[in-house]
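In case you want the letters, here they are:
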Amino acid sequence: MKNILLCTDGSSFAENIYKYGAWFAQKFHAHINVLFVTDIRSQKLVSTDNLSGSIGLGASEQLLHELVELEHQKAKLNNQRARLILQNAGATLKAEGITDFKLTNKTGFLVDCLDEFEKDSDLIVLGKRGEAVDFASGHLGANVDRIVRSSKKPCLVIPREFKQISRILVAYDGSPTGKKVLQFLVDSPVFHNLEIHLLTVTKSNSVTTEMDRLNEAKEQLERANFEPICRLLPGETETAIANYISQHNINLLLMGTYGHRRIRNLVIGTTTAQLLRSSNIPILLFR
């Protein structure tokens, strides 16, 4: 992992985006790029032609001038806001001991700008909700939902509160994305000093198959010098994972965006979506 992309909007999640990004950057000695995208809709200026058509032919030139000036002031305020947000990001990263970072401001829409930055990134970090965090708090932010659905890179979706990471849970189902999670750990010896939990949730009629998968995953991690704590639990996947997180004070969940029942590429697995909405710990997603 060489490059980490932090997507910020200056919301209450932003501070922890920087802190979790710094944690991973320190572990992997990675470069950080903080990206703030100014909404293009707030930058568009109103032309006098448009105004004269909307308020009538008798509108005074003074009124038209004042309206256009107001739009210019709005654009200036948006630019100032972008600078302040990125300055705060830089200050937070420095306070966390990070010096290798870049601050980037673009104008447009985050989901449209992401392709330009995603290709050079190994990890994308974003808050589970954005500026509308205090409204519809039981839902994912629109940008998060779209990015997780479409991104080809691992996405770290972070909660509102930062906690030091000491215990990691791998939700493993033997799927291709589940195997990517295992390979990530195998390739990341920086996690050797952390407590690794490996959990498989099973229906009552598939215990033998799931136990075989769990043992196979355990052996793979042990060959990489990990000592995972392994559990096979019955029940509904989302409930079992959520309960395990609470009971064992897990600080980071690793899982695939899809299980064996993936229907099409642009649909998040049901369990993934539910955990993203309800979890109060960061979730690192692989596809």
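Quantities reported herein were computed from a predicted structural model and do not represent experimental measurements.

**Student:** Please clarify how the sheet that holds strand β9 (residues 252–256) should be interpreted in this entry.
**Tutor:** Where strands meet in a sheet, backbone hydrogen bonds hold them as pairs that are either parallel or antiparallel. Across the sheet, 10 strands lie side by side as β3-β2-β1-β4-β5-β10-β9-β6-β7-β8; this open sheet has mixed pairing. At either margin of the open sheet sits one strand with a lone partner, and together these are β3 (101–108) and β8 (229–234). Direction aside, neighbouring strands of the sheet carry axes that sit 20° apart on average. One ladder, built from 6 bridges, connects strand β1 (residues 3–8) with strand β2 (residues 31–39); its direction is parallel.

**Student:** Help me understand the pattern of salt bridges, please; the structure alone is not making it clear to me.
**Tutor:** A side chain of one charge can pair with a side chain of the opposite charge if their charged atoms are brought near each other. Counted by the stated rule, this structure contains 3 salt bridges. The partner of K106 in a salt bridge is E116, with the nearest N and O atoms 3.5 Å apart. Here the residue K106 occupies a position in strand β3, and E116 occupies one in helix α4 (residues 110–118), the gap between them amounting to 10 residues. Here K106 falls in the partly exposed class, since its relative accessible area comes to 27%. By relative accessible area, which is 41% here, E116 ends up partly exposed. Across the pair K218 and E222 runs a salt bridge whose closest N-O atoms are separated by 4.0 Å. Placement of both K218 and E222 in helix α7 (residues 207–223) is noted, with a separation of 4 residues, approximately one turn of the helix. Looking at K218, the relative accessible area reads 30%, which means it is partly exposed. When its relative accessible area of 37% is taken as the criterion, E222 is described as partly exposed.

**Student:** Could you clarify how one ought to interpret the packing of aromatic side chains in this entry?
**Tutor:** To describe a pair of aromatic rings, you give the distance between the ring centres and the angle between the ring planes. Enumeration according to the criterion identifies 8 aromatic pairs in this entry. Ring centres 5.2 Å apart and planes at 55° place the aromatic pair F184 and F286 in the tilted group. On the criterion of sequence distance, the pair formed by F184 in helix α6 (residues 176–186) and F286 in strand β10 (residues 283–286) is long-range, its members being 102 residues apart. Summarising the burial analysis for this pair, F184 and F286 share the class buried. One aromatic cluster is present, formed by W23, F24, F28, F184, F191 and F286 through successive ring pairs.

Quick notes on the rules
Residues numbered from 1 in each chain as written. Predicted model: local features only at pLDDT ≥ 70, side-chain atom pairs only at ≥ 80, totals over all residues. Heavy atoms only, no water. Pairing = 2+ DSSP bridges. Helix = DSSP H or I, 4+ residues; strand = E, 2+ residues; numbered from the N terminus. Axes fitted to C-alpha atoms, helices over the stretch in contact; angles between N-to-C directions. Salt bridge = Lys/Arg side-chain N within 4 Å of Asp/Glu carboxyl O. Buried < 20%, exposed > 50% of the residue type's maximum accessible area, 1.4 Å probe, protein only. Phe/Tyr/Trp six-rings, centres within 6.5 Å; stacked < 30°, edge-to-face > 60°.

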